[in-house]
Amino acid sequence: MVLVTVRGIAIEFPYEPYAIQVNYMEKVIEALQTKSNALLESPTGTGKTLCLLCASMAWLEHHKKLYPPSVFSSNQTHGEFGVGGEDRRRKRMENVRSTETPRIIYASRTHSQLAQVMQELKKTPYKRTKVSIMGSRDQMCLNTDVSRLPSNAAKNGACREKVKARSCHYYNNLDEKMDSLSLEPVADIEELVGFGKRNRVCPYYLAKAGEKQADLIFMPYNYIFDPAVRRTVKLDLMNAVVILDEGHNVGKVCEESYSHEITSVDLAVCIREIGRILTYMAKREKETTGKTVDVHQATSQVFVQLLAGYLQTFDLVWFDK
């Protein structure tokens, strides 16, 4: 390992860095020290990811030494899994990170891209950092009663019910084994799932528990940009350094997050339901007044009006944001 000093920050690098890499790390450190936004670009093959990781983690370690935390948040002392004994509470308290300490959120488009970044992190001395990765139950759930369900919403609901009823042995095992498990500090989704299978514990809640202690959190873009996902995972960006890797993908992800898709099946179901309602109303109208209503024409008119109203509302919401 080579020690490089950039703007007063000692950076541990796996090898002697090139001049372009030192320049890149200098810009990263400058942005962090001045609390500025930075748009950084470097040619392919110049080790951007390695420079970004080493510079940001070196800055965080330096910051923690300069500003040691004075108060620990007490609302996390019971962990994710209930109260437990006094020894368990004390041990978990020792591992709780201070909310005063900045944390780094590293986002990329997909989990496969994040896995590559995590492999780069393992090549550096900063692999000792407490790291967590955010994923879904669809990717990590081991309980076949939940994982075989057809949609993410169904899986989320079923998981919560099982956890509440304590009927998932993977979750219950994690509660019992949490303090004795030995997981690699840097573990991606695939490694978490493999660890969960070997130890018969829940990878999803293991990752959530690790998030409370982590200084570095990996997640896909949509966890940041999609309001619904952000609310669901209760993502807190206060006192966080947000790194968007492969930034040219951000625009596309934002478009997807704020887009709605209406399929031909959705339209067909809407037309059918409107037709049923209007048929019933036409029958009532004829019984009451003796007038005959053209149901097919009325169905078309109502459907077009409803669709136009929906699209108009969507446009207003879009521009408001």
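Below, the structure is looked at part by part. Every chain's residues receive numbers from 1 upward, in the order its sequence appears when written. Local features in this predicted model are restricted to residues of pLDDT 70 or higher, and side-chain atom pairs are both shown and tallied only at a pLDDT of 80 or more, whereas totals for entire chains, interfaces and linings draw on every residue. For the side-chain quantities, the full set of heavy atoms in the structure was used; hydrogens and water were omitted.

1. Section: unusual backbone geometry
For residues other than glycine, phi is negative in most cases, and the peptide bonds are mostly trans. The phi dihedral of R166 is positive, around 50°, even though this residue is not glycine. With a phi angle near 60°, N239 is a residue other than glycine that sits in the positive phi range. Labels follow the DSSP assignment, with helices taken as runs of H or I lasting at least four residues and strands as runs of E lasting at least two, numbered in each case from the N terminus. Its location among the elements puts N239 in the loop between α12 (227-233) and β6 (240-244). By relative accessible area, N239 is classed as partly exposed at 39%. Accessible area is worked out with a 1.4 Å probe on protein chains only. A residue is then buried under 20% of its type maximum, exposed over 50%, and partly exposed in between.

2. Details of the state of the cysteines
Two cysteine sulfur atoms form a disulfide, by the criterion used here, when they sit within 2.5 Å. Considering all chains together, one arrives at 0 disulfides under this definition. The closest cysteine sulfur to the non-disulfide-bonded C51 is located on C54, 7.3 Å from its own sulfur. C202 takes part in no disulfide bond, and the closest cysteine sulfur, belonging to C168, lies 6.0 Å away.

3. Describing helix α7 (residues 152-165)
Across its 14 residues, α7 extends 20 Å between first and last C-alpha, which sits within 8% of the 20 Å expected from 1.5 Å per residue. The complete set of buried residues in α7 reads K155, C159, K162 and V163. The buried residues of α7 occupy an angular sector of 100° when the element is viewed end-on, so they sit on one face. The exposed residues of α7 that point more than 90 degrees off its buried face are A153, E161, K164 and A165. Two residues form a contact once any of their heavy atoms are found within 4.5 Å. Among the structural elements, α5 (137-140), α6 (144-147), α8 (169-177) and α10 (203-213) are those in contact with the buried residues of α7. Following α7 by one or two positions, R166 has its phi on the positive side, about 50°. By this rule, a helix spans an expected 1.5 Å times one less than how many residues it contains. Each direction from the helix axis to a C-beta atom contributes to the arc, which is the arc of those directions.

4. Describing the sheet that holds strand β4 (residues 131-133)
What the 4 strands build is an open sheet, ordered β4-β5-β3-β6; its pairing is parallel. The outermost strands of the open sheet, each flanked by one partner alone, are β4 and β6. Between one strand and the next, the sheet's axes are offset by a mean angle of 20°, whatever the strand orientation. Taken together, the 3 bridges between β4 and strand β5 (residues 216-220) define a ladder with parallel strand orientation. Paired with S132 across the strands is I217, a residue of β5. Axis angles are defined between N-to-C directions and span 0 to 180 degrees, where every axis is a line fitted to C-alpha atoms and, for a helix, only to the segment in contact. Along the sheet, helix α4 (residues 111-121) makes contact with β3 (103-108), β4 and β5, crossing β5 at roughly 155°. Any two strands between which DSSP finds at least two bridges are classified as paired.

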